[in-house]
Amino acid sequence: MARRILSADAALVPHAQEPLNVSVRTESPTSRLTAIQARWIETPAGPGEAGLFDWERRDELMAEIAFVNRAQEFLDEAAVKIAPSVLRIVLTVKHHIPRPAEQRAFLTEHLDLDFRRISELCIVADSYRLLDPEHRAEGEAEIVRYGWSKSIKLAHVPDPAERGDIWERACAGGAEASYRTVLEEIRRFRQRKRIGPALISWEVGPALDSVRRSFATFERLAAQPASREECSGALEELGRLRKELDQVQRALEQRIDLLPLEHMAEEMAAQA
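To keep things clear, this report deals only with the structure shown in the data block.

Each value, and the rule that gives it
- Residues numbered from 1 in each chain as written.
- Predicted model: local features only at pLDDT ≥ 70, side-chain atom pairs only at ≥ 80, totals over all residues.
- Heavy atoms only, no water.
- Helix = DSSP H or I, 4+ residues; strand = E, 2+ residues; numbered from the N terminus.
- Buried < 20%, exposed > 50% of the residue type's maximum accessible area, 1.4 Å probe, protein only.
- Contact = heavy atoms within 4.5 Å.
- Areas by Shrake-Rupley, 256 points an atom, 1.4 Å probe, with all protein chains shown as cover.
- Phe/Tyr/Trp six-rings, centres within 6.5 Å; stacked < 30°, edge-to-face > 60°.
- Lys NZ or Arg CZ within 6 Å of the ring centre and 35° of its normal.
- Expected span 1.5 Å × (residues − 1).
- Polar contact = N/O pair within 3.5 Å; in protein donor to acceptor, adjacent residues only side chain to side chain.
- Patch = residues over 30% accessible without salt bridge, like charges linked within 9 Å, V, L, I, M, F, W, Y side chains within 5 Å.
- Salt bridge = Lys/Arg side-chain N within 4 Å of Asp/Glu carboxyl O.
- Lys, Arg positive; Asp, Glu negative; His and termini not counted.
- Charge placed at Lys NZ, Arg CZ, Asp CG, Glu CD.
- Core = buried A, V, L, I, M, F, W, Y, C linked by side-chain atoms within 4.5 Å.

## Describing the overall build of the protein
Here is step 1 of the chain: A tally of helices and strands in the protein yields eleven helices and zero strands.
Here is step 2 of the chain: Along the protein, helices and strands appear, N-terminal first, in the series α-α-α-α-α-α-α-α-α-α-α.
Here is step 3 of the chain: Relative to its full complement of 272 residues, the protein shows a buried share of 31%.
Here is step 4 of the chain: In the protein, the proportion of contacts linking residues at least 24 apart, taken out of those at least 6 apart, comes to 62%.
Here is step 5 of the chain: For the protein, the computed accessible surface area is about 17,500 Å², with 56% contributed by carbon and sulfur atoms.

As structure tokens, this is what we get:
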């Protein structure tokens, strides 16, 4: 479906938007809220087997599962739609209030979200570029593809191509991937990139240790090569060294982009 490209100013102003899956879902947000309210009234509140579904004839059970899944999609969509607003709020507060403690106090007083949720929404909005009119549609499509809970974890990988690669590995040829499988592929990705177990605790030390070892080998081979084979060995080691340095460069560039949000997340987590 073609999408209208908004100006930078227009992207920062709340607009009425169609649901993310409008092409296949015709129900309105109001009708979904009404359905949730109706189910709340209809659901038996008492405990015991009287409130259980018939296991032998599972039509009602599956209908209830479908209802919960639809409700969760609605909640996920709402989270996606408020993430850019939350990021704008936090960036504005940080711009005008210099001290972190005062920033937290302002957000606590005025924003009815816990700090963990604020941090998640900000990282998602930033990583999927939901404030960027040129990339917002692609970011929304990614979140729909992965699902909200998995999108939160994948948001810590800022490159869309790398997120897509992680997702494809987790799917292993299928259409979907489990939450646990996505976490495992993110762990493997971090090992390949040598950027540590978590972004906030990221350290460049292991990557630099590898660079030092490669450089020491290169220095020994290139000091005074006496044969064609030794020259070839030095060149091969130089190529390996360049790859190691490229990994460090990419990791540092990612840190530059994510450090402000990571610091914010760390501060907020300490207050949660």
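## Describing the packing of aromatic side chains
Here is step 1 of the chain: According to the stated counting rule, one finds two aromatic pairs in the structure shown.
Here is step 2 of the chain: Between the aromatic rings of Tyr 146 and Trp 167, the centroid separation amounts to 5.0 Å while the plane-to-plane angle is 50°, which identifies the pairing as tilted. Taken as a pair, Tyr 146 in helix α6 (residues 136-146) and Trp 167 in helix α8 (residues 160-171) lie far apart in primary sequence, 21 residues in all. Side by side, Tyr 146 and Trp 167 carry an identical accessibility label, which is buried.
Here is step 3 of the chain: For the ring pair Phe 215 and Phe 218, a centre distance of 6.4 Å and an interplane angle of 50° mean the geometry is tilted. Here the residue Phe 215 and the residue Phe 218 both occupy positions in helix α10 (residues 205-222), the gap between them amounting to three residues, near one helical turn.
Here is step 4 of the chain: Assessed through its relative accessible area of 41%, Phe 215 is described here as partly exposed.
Here is step 5 of the chain: Here the guanidinium or amino end of Arg 58 rests over the ring plane of Trp 55, the centre of that ring lying 3.8 Å away.
Here is step 6 of the chain: The ring of Tyr 128 carries Arg 163 above its face, with NZ or CZ at 4.2 Å from the centroid.

## Concerning helix α5 (residues 115-127)
Here is step 1 of the chain: In this model, α5 (13 residues) spans 18 Å end to end at C-alpha, consistent with the 18 Å of a helix rising 1.5 Å per residue.
Here is step 2 of the chain: Inspection of α5 places Phe 115, Ile 118, Ser 119, Leu 121, Cys 122, Ile 123, Val 124, Ala 125 and Ser 127 among the buried residues, and these make up the whole buried set.
Here is step 3 of the chain: For α5, the N-terminal capping position is held by Asp 114, with its side-chain oxygen 3.1 Å away from the main-chain nitrogen of Arg 116.
Here is step 4 of the chain: In the segment just after α5, Arg 129 is the residue with positive phi, at about 55°.

## Some thoughts on unusual backbone geometry
Here is step 1 of the chain: Even without being glycine, Arg 129 reaches a positive phi, approximately 55°.
Here is step 2 of the chain: Its location among the elements puts Arg 129 in the loop between α5 and α6.
Here is step 3 of the chain: One non-glycine residue, Ala 172, lies in the positive phi region at around 50°.
Here is step 4 of the chain: Mapping Ala 172 onto the fold places it in the loop between α8 and α9 (179-193).
Here is step 5 of the chain: For Ala 172, a relative accessible area of 66% corresponds to the exposed category.

## Topic: a negative patch on the surface
Here is step 1 of the chain: A surface patch of like charges, here negative, comprises Asp 54, Glu 56, Asp 59 and Glu 60.
Here is step 2 of the chain: Along the chain, Asp 54 turns up in the loop between α2 (29-42) and α3 (59-96).
Here is step 3 of the chain: Residue classification places Asp 54 among the partly exposed positions, given a relative accessible area of 40%.

## Describing the nonpolar core
Here is step 1 of the chain: Among the nonpolar cores identified, the biggest contains 34 residues, and Val 124, Tyr 128, Leu 130, Trp 148 and Leu 154 are the most heavily contacted of them.
Here is step 2 of the chain: Secondary structure elements with two or more residues in this core: α3, α5, α6, α7 (148-154), α8 and α9.
Here is step 3 of the chain: Once residues within four sequence positions are removed from consideration, Trp 148 is found in contact with Asp 76, Ala 79, Val 80, Arg 117, Leu 121, Val 124 and Ile 143.

## Brief notes about the environment of Leu 245
Here is step 1 of the chain: Its place among the elements puts Leu 245 in helix α11 (residues 228-271).
Here is step 2 of the chain: Under the relative-accessibility criterion, Leu 245 is labelled partly exposed at 42%.
Here is step 3 of the chain: Spatially, the C-alpha atoms of Leu 245 and Ala 207 are 8.4 Å apart, while their sequence positions differ by 38 residues.

## A few points about the side chain of Lys 150
Here is step 1 of the chain: Here Lys 150 lies in helix α7.
Here is step 2 of the chain: Here Lys 150 sits buried without a salt bridge, and the closest side chain of opposite charge, Glu 176, lies 4.1 Å off (N-O distance).

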